[in-house]
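Reading the structure
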Amino acid sequence: MQEPYVAPEWSLGLTHIPISYIKLAQRPTPIHAWNLPDIPAGYHVSIKRDDMTGSTLGGSKARKLEFLLAEAIRQNCDCVITGGGLQSNFCRAAAVACRQLGLECHVLLRCPGDKNPLQVQCDGNLLLSRLVGAHIVLVTPAPYEGKQTESGYIPGLKDKMESLASELRSIGRKPYLMPLGGSSPTGLWGYIEAFREMMDQGVCENFDDLIVTMGSGGTPSALAIANYLTGSKLRIHAVLIVDKTLDEAYELVDKELRHVGLAGGAKARDIINITNSYIGGGYSIYTDQDAEQLITISGSTGIFLDPTYTNKAAKGMLNELVENPSRFKGKRILFMNTGAAFGLYNQRISKLTEQHELTSRMTFDAT
């Protein structure tokens, strides 16, 4: 089940190099042209399809879980504890992967304060988590408030995770804790390895700029670190989709640099360009205008974006190409589709499709 991990030669100076991994993701994921509407003249946009890492494991999280769950099993853990938003892609992927590997999964999901937990809709990522038998604890937003510590955890949430871990240990279980989004020194290797995959696909030669979504920070940090270590001339851009200031976002990347032993050699602002102009109403909150863009993109290109994550990143990319083109190094743009499609399966999106001209082309032939 576990396979020895051989790190890229250019990464051997880093700390926390994993010794093994468990193959979960379908790799390599393809890269192809993305014919988006309204791209400014002269620009060529392509897409890296990390939404195709698996069916129920689709999205960026499978790559991180390959290393995290290998570590859990090496430590003889029999259950996993993590947390996230109600429609967390990471929690869904963790629940599915744990079930496949024979581990028990416990997730602490942030439930909106004005909702009765018994009335939470069972759709999208939450539906899949429940279908694989995950143990779900719905918590109020309060434990999620506050800044992530050096270890990657939010203090209030970490306290709840540790309390649950103590309960599990008291009945003879051995839990393995994972921070939000799997953003830890171990999880970071999922996208250090992904960068090696992209190098093999000619990304460094064929593109000038790489755009990725930024939530907990692990994926863009890993890509920026790999880009820096290889001497690649790509410019890495991250579109922030959580409620953080730019200083806080750059600190997330600096934290990862410290974790892997690069604090003295690189600074976040030198290796990645972050924008926080597209958060909108906040994490997991999207407007009708955002949904309009999502429907337009799927209807014109056949690519499905996640309403919480990659749709906001695509909005940022499209707006910046028009309004702030000097941000980009060149005109050959690669967008990383790190989200999965399960966030689309909810009543709000369903209702919007009934009203939109593009998605209401359904008639009944009674003959």
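Our structure is the block above this text.
The structure reproduced in this document is the subject of the present report. Remember, predicted model here, so these are calculated numbers, not experimental data.

Turning our eyes to something else, we now look at empty space enclosed by the protein. Going through the model one piece at a time under the given rule, you end up with two cavities of 30 Å³ or more. There is about 60 Å³ of room inside the largest cavity. Lining the largest cavity are Ile211, His237, Ala238, Val239, Asn273, Thr275, Gly316, Met317, Glu320, Arg327 and Phe328. The set of elements that each furnish at least two residues to the lining of the largest cavity consists of strand 10 (235-240), strand 11 (273-275) and helix 11 (310-323). Residue composition of the lining of the largest cavity, by class: five nonpolar, four polar and two charged. Lining of the second largest cavity is provided by Leu86, Ser88, Cys91, Arg92, Val107, Leu109, Asn125, Leu126 and Ser129.

Space inside the second largest pocket adds up to approximately 260 Å³. Lining the second largest pocket we find Pro37, Asp38, Gln289, Asp290, Glu292, Gln293, Thr296, Ile297, Lys315, Leu318 and Asn319. Of all the secondary-structure elements, those providing two or more residues to the lining of the second largest pocket are helix 10 (288-301) and helix 11. Per element, the largest residue contribution to the lining of the second largest pocket is six residues, and it comes from helix 10. The class makeup of the residues in the lining of the second largest pocket is three nonpolar, four polar and four charged.

With six of its six residues buried, strand 9 (residues 209-214) lies for the most part within the structure. Every second residue of strand 9 is oriented toward a common face, with Asp209, Ile211 and Thr213 on one face and Leu210, Val212 and Met214 on the other, all of them buried. As paired elements, strand 9 and strand 10 share six bridges and run parallel to each other. Note on strand 10: the bridge partner recorded for Met214 is Leu240.

A few words on the pattern of salt bridges. On inspection of all chains with the given rule, the structure shows 15 salt bridges. Across the pair Arg196 and Glu193 runs a salt bridge, and its minimum N-O distance is 2.7 Å. Pair noted here: Arg196 and Glu193 are both in helix 5 (residues 189-200), with a separation of three residues, about one helical turn. Overall, Arg196 belongs to the partly exposed group, its relative accessible area being 23%. Judged by relative accessible area, Glu193 falls into the buried class, the value being 16%. Taking the shortest distance from any N to any O, the salt bridge between Lys255 and Glu256 comes out at 3.3 Å.

Here we come to helix 5. In this model, helix 5 (twelve residues) spans 17 Å end to end at C-alpha, consistent with the 16 Å of a helix rising 1.5 Å per residue. Burial within helix 5 is extensive, with nine of its twelve residues counted as buried. Burial in helix 5 covers these residues: Trp189, Gly190, Tyr191, Ile192, Glu193, Ala194, Phe195, Glu197 and Met198. Check the buried side of helix 5 and you find it contacts strand 4 (44-48), helix 1 (61-74), helix 6 (203-206), strand 9, helix 7 (218-230) and strand 12 (332-336).

Attention now goes to unusual backbone geometry. Following Arg27, the chain continues into Pro28 via a peptide bond in cis, with omega recorded as -5°. Within the secondary structure, Pro28 is located in the loop between strand 2 (20-22) and strand 3 (31-33). For Asp38, which is not glycine, the phi torsion reads 70° and is therefore positive. Following the sequence through the fold, Asp38 ends up in the loop between strand 3 and strand 4. With a phi close to 60°, Asn76 is a non-glycine residue in the positive phi region. Position of Asn76 among the secondary structure elements: in the loop between helix 1 and strand 5 (79-85). Accessibility expressed as a relative area gives 60% for Asn76, which makes it exposed.

Next up on the list: the packing of aromatic side chains. Aromatic ring pairs: the centre-centre distance and the angle between the two ring planes describe each pair. Within the structure shown, the criterion is met by seven aromatic pairs. Their ring planes at 40° and their centres at 6.1 Å tell us that Tyr21 and Phe67 sit as a pair that is tilted. Pair noted here: Tyr21 is in strand 2 and Phe67 is in helix 1, with a separation of 46 residues, a long-range link. For the pair Tyr21 and Phe67, one class covers both residues: buried. Ring centres 6.3 Å apart and planes at 70° place the aromatic pair Phe342 and Tyr345 in the edge-to-face group.

Cut-offs used in this document
Residues numbered from 1 in each chain as written. Predicted model: local features only at pLDDT ≥ 70, side-chain atom pairs only at ≥ 80, totals over all residues. Heavy atoms only, no water. 1 Å grid on protein atoms, 1.4 Å probe; cavity = no way out; pocket = protein on both sides within 12 Å on 5 of 7 lines; lining within 4 Å. Points joined across faces, edges and corners; volume = space filled by probe spheres on them. Helix = DSSP H or I, 4+ residues; strand = E, 2+ residues; numbered from the N terminus. Nonpolar A, V, L, I, M, F, W, Y, C, P; charged D, E, K, R; others polar. Buried < 20%, exposed > 50% of the residue type's maximum accessible area, 1.4 Å probe, protein only. Pairing = 2+ DSSP bridges. Salt bridge = Lys/Arg side-chain N within 4 Å of Asp/Glu carboxyl O. Expected span 1.5 Å × (residues − 1). Contact = heavy atoms within 4.5 Å. Phe/Tyr/Trp six-rings, centres within 6.5 Å; stacked < 30°, edge-to-face > 60°.

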